[in-house]
Amino acid sequence: MNNKISIVDNDMISVWVYPERRIIHHQMKAYCFGERFYQALMRGAEALEQYHATKWLSDNRVTGALPTEDADWTAKNWFPRVKAAGWRHWAVVQPEKVIGQLNMSRFIKRYGELGINARMFSDFDEAYRWLDAEI
């Protein structure tokens, strides 16, 4: 992974941008929800706009199901902003827990219906390669 710029880095989540690849990448380090989750995603949205990114890589291996309030927040606040800014491709490294996998499958289906080319992977490198190849 080439040139990488750190956008957020705390004990729960990190967010980077790969400007040349037009990829935003977040990695959950712990169960992140509520205000810290919102702040990290909005910083990612800002980077997506600033660097004209079209791809998002979500490394969610350590997370579980997203609380309903957070899912509602993403649908109302985050998704419209990143979609309008040009987000088109989404690779998700699936959570290790089955409940988290089921939750992410619903998001992938929903965002796919809204025009996002989304896929879930069990391997980070495979997810990155797929996302990087998308145009």
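Going by the structure above, here's the rest.
Rules of the game
Residues numbered from 1 in each chain as written. Predicted model: local features only at pLDDT ≥ 70, side-chain atom pairs only at ≥ 80, totals over all residues. Heavy atoms only, no water. Helix = DSSP H or I, 4+ residues; strand = E, 2+ residues; numbered from the N terminus. Rg over C-alpha atoms; globule rule 2.2 N^0.38 Å. Buried < 20%, exposed > 50% of the residue type's maximum accessible area, 1.4 Å probe, protein only. Contact = heavy atoms within 4.5 Å. Salt bridge = Lys/Arg side-chain N within 4 Å of Asp/Glu carboxyl O. Pairing = 2+ DSSP bridges. Axes fitted to C-alpha atoms, helices over the stretch in contact; angles between N-to-C directions.

1. Let's talk about the overall build of the protein
- Helices and strands together make up the secondary structure of the protein, namely four helices and six strands.
- Mapped from its N terminus to its C terminus, the protein presents α and β elements in the order β-β-β-α-β-α-β-α-β-α.
- Whereas a compact globule of 135 residues would reach a radius of gyration of roughly 14 Å, the protein reaches 13 Å, a difference of no more than 12%.
- Dimensions of the protein, computed from the C-alpha atoms along their principal axes, are close to 35 × 30 × 30 Å.
- Per-residue burial over the protein gives 47% buried out of 135 residues.
- Taking the contacts inside the protein whose residues are at least 6 apart along the sequence as the reference set, 67% of them involve residues at least 24 apart.

2. Describing the pattern of salt bridges
- All chains considered together, the criterion is met by seven salt bridges.
- Residue Arg43 pairs with Glu46 through a salt bridge whose shortest N-O separation is 3.7 Å. Of this pair, Arg43 and Glu46 both sit in helix 1 (residues 34-50), separated by three residues, roughly a single helical turn.
- A salt bridge links Lys109 to Glu113, with the shortest nitrogen-to-oxygen separation between them at 3.0 Å. With Lys109 and Glu113 both in helix 3 (residues 98-113), this residue pair falls four residues apart, about one helical turn.
- In this structure Lys109 comes out as exposed when scored by relative accessible area, which is 56%.
- Residue classification places Glu113 among the exposed positions, given a relative accessible area of 58%.

3. Focus: the sheet that holds strand 4 (residues 55-59)
- Read across the open sheet, the six strands follow the order 1-2-3-4-5-6; overall the sheet is mixed. Of all strands in the sheet, those bounded by a partner on one side alone are strand 1 (5-9) and strand 6 (117-121). Within this sheet the neighbouring strands show an average axis-to-axis angle of 15 degrees, counted without direction.
- Pairing analysis gives five bridges linking strand 4 to strand 5 (residues 89-93), with the strands arranged parallel. By the bridge assignment for strand 5, Trp56 is matched with Trp90.

These figures come from the coordinates and say nothing about function on their own.
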